[in-house]
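Per-entry structural report
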Amino acid sequence: MATDDLMSKVLEALGDAQPTVEAIHDLTDLAEVPSSMTIAEVADRLALSAHTLRYYERAGLVTVARDSQGHRVYDADAVRRLVFLTRMRLSGMSMRELQHYIELVDAGERTVPERMAMLAEHRDTIVRRLRELTLSLAAVDYKITTYGGATGSDVERRPSRDAAA
């Protein structure tokens, strides 16, 4: 599933809730995750394709056990990791950065300071992107009003008048 599709599903699940740490926790609550899940069950639960799940495994981001017939069996830890990975991908973290982060996680507690630094840097990048997007939104809103329109999510979309770009 494309990142845009996943983002749409996450935003739909959030509804009108403000995307807070608590809201994200609610979306990722895995208290009811079975002790083992098939690739189809995980794909459905996380709104990902089986291809994406296999790709994350090949990239070394998640370790998945196999049953006696060689089918993938995802445990709760693998699903938790996949939830984190998908959220980081949605936020723009590159596969290379994710691979480095997971290497640090797998290396143990001694890497916590480096992981925190990575996440803080990524957070700064997200904040900068949000500011840039807010500025872009203001420019679009300005242009809509120059066409005689109004802006906001509760405003009906109207056809625009002919005006200079």
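Throughout this description, residue numbers start from 1 for each chain and increase along the sequence as written. Only residues with pLDDT of 70 or above have their local features reported here, since the model is predicted, and side-chain atom pairs are shown and tallied only from 80 upward, although totals for entire chains, interfaces and linings are computed over all residues. Just so you know, side-chain values use all the structure's heavy atoms and leave hydrogens and water out.

So, about the overall build of the chain. Helix numbering and strand numbering both begin at the N terminus, where a helix is a DSSP run of H or I of at least 4 residues and a strand a DSSP run of E of at least 2. Looking only at helices and strands, the chain has seven helices and two strands in total. For the chain, the α and β elements follow one another from N to C terminus as α-α-α-α-β-β-α-α-α. Every one of the 165 residues in the chain was classed for burial, and the buried ones make up 28%. Considering only contacts within the chain whose residues lie at least 6 apart along the sequence, 48% involve residues at least 24 apart. Computed with a 1.4 Å probe, the accessible areas rest on the Shrake-Rupley method; for each residue, only the protein chains presented here act as cover. Element-wise, carbon and sulfur atoms account for 52% of the exposed surface of the chain, whose accessible area totals about 11400 Å². The classification of residues rests on relative accessible area computed with a 1.4 Å probe and restricted to protein chains. Under 20% of the type maximum is buried, over 50% is exposed, and intermediate values are partly exposed. Whether two residues are in contact is decided by their heavy atoms, any of which lying within 4.5 Å being enough.

Residues grouped as a nonpolar core are buried Ala, Val, Leu, Ile, Met, Phe, Trp, Tyr and Cys residues, joined through side-chain atoms within 4.5 Å. Ranked by size, the top nonpolar core spans 28 residues in total, and within it Val42, Leu53, Leu61, Tyr74 and Leu82 carry the most contacts. Those elements giving two or more residues to this core turn out to be α3 (39-46), α4 (50-58), α5 (76-90) and α6 (95-107). Looking at this core, the element that brings in the most residues is α5, giving seven residues. Setting aside anything within four residues of it in sequence, one finds Leu82 in contact with Val42, Leu46, Leu53, Tyr56, Val62 and Tyr74.

Think of pLDDT as the predictor's per-residue confidence, scored from 0 to 100. Predicted confidence across the chain gives a mean pLDDT of 84, with 74% of residues reaching 70 or more. Per-element confidence in the chain ranges from a low mean pLDDT of 57 for helix α2 (residues 21-27) to a high of 97 for α6.

Bringing the pattern of salt bridges into the picture now. When a carboxyl oxygen of Asp or Glu is within 4 Å of a side-chain nitrogen of Lys or Arg, the pair counts as a salt bridge. With the rule as written, the count across this model stands at five salt bridges. Note that Arg66 and Glu57 form a salt bridge whose closest N and O atoms lie 3.5 Å from each other. Put simply, Arg80 and Asp77 hold a salt bridge, and the shortest N to O gap is 3.3 Å. Of this pair, Arg80 and Asp77 both sit in helix α5, three residues apart, which is roughly one turn of that helix. By relative accessible area, which is 52% here, Asp77 ends up exposed.

Let us now look at the side chain of Arg115. By the element assignment, Arg115 lies in helix α7 (residues 112-146). Within the structure, the side chain of Arg115 is placed 2.9 Å from the backbone oxygen of Gly108, a separation counted as a polar contact. Not counting chain neighbours up to four residues away, the residues in contact with Arg115 comprise Tyr101, Leu104, Val105, Gly108 and Glu109. Here a polar contact means two N or O atoms within 3.5 Å. Within protein one must be a hydrogen donor candidate and the other an acceptor candidate, and residues neighboring in sequence count only if both atoms are side-chain atoms.

Next up on the list: the packing of α3 against α4. One way to put it is that α3 packs onto α4 with a least axis distance of 9 Å and a crossing angle of 105°. One finds that α3 runs roughly perpendicular with respect to α4. Contacts between α3 and α4 involve Ile39, Val42 and Ala43 on the former and, on the latter, Ala50, Leu53 and Arg54. In this classification, the charged set is Asp, Glu, Lys and Arg, the nonpolar set is Ala, Val, Leu, Ile, Met, Phe, Trp, Tyr, Cys and Pro, and all remaining amino acids, among them Gly, are polar. Of the residues assigned to the contact of α3 with α4, the class counts are five nonpolar, no polar and one charged. Helix axes are fitted only over the stretch in contact, all axes being lines through C-alpha atoms; the angle between N-to-C directions runs from 0 to 180 degrees. We call two directions roughly parallel when the angle between them is under 35 degrees, roughly antiparallel when it is over 145, roughly perpendicular when it lies between 65 and 115, and oblique otherwise.

Quick look at the packing of aromatic side chains now. Any two rings among Phe, Tyr and Trp, with Trp reduced to its six-membered ring, count as a pair given centres within 6.5 Å; such a pair is stacked if its planes are under 30 degrees apart, edge-to-face if over 60, and tilted if neither. Scanning the entire structure with this criterion turns up two aromatic pairs. Between Tyr55 and Tyr56, the aromatic rings sit 6.2 Å apart at their centres with planes inclined by 45°, giving tilted as the arrangement. Among the residues examined, Tyr56 registers a relative accessible area of 5% and is labelled buried.

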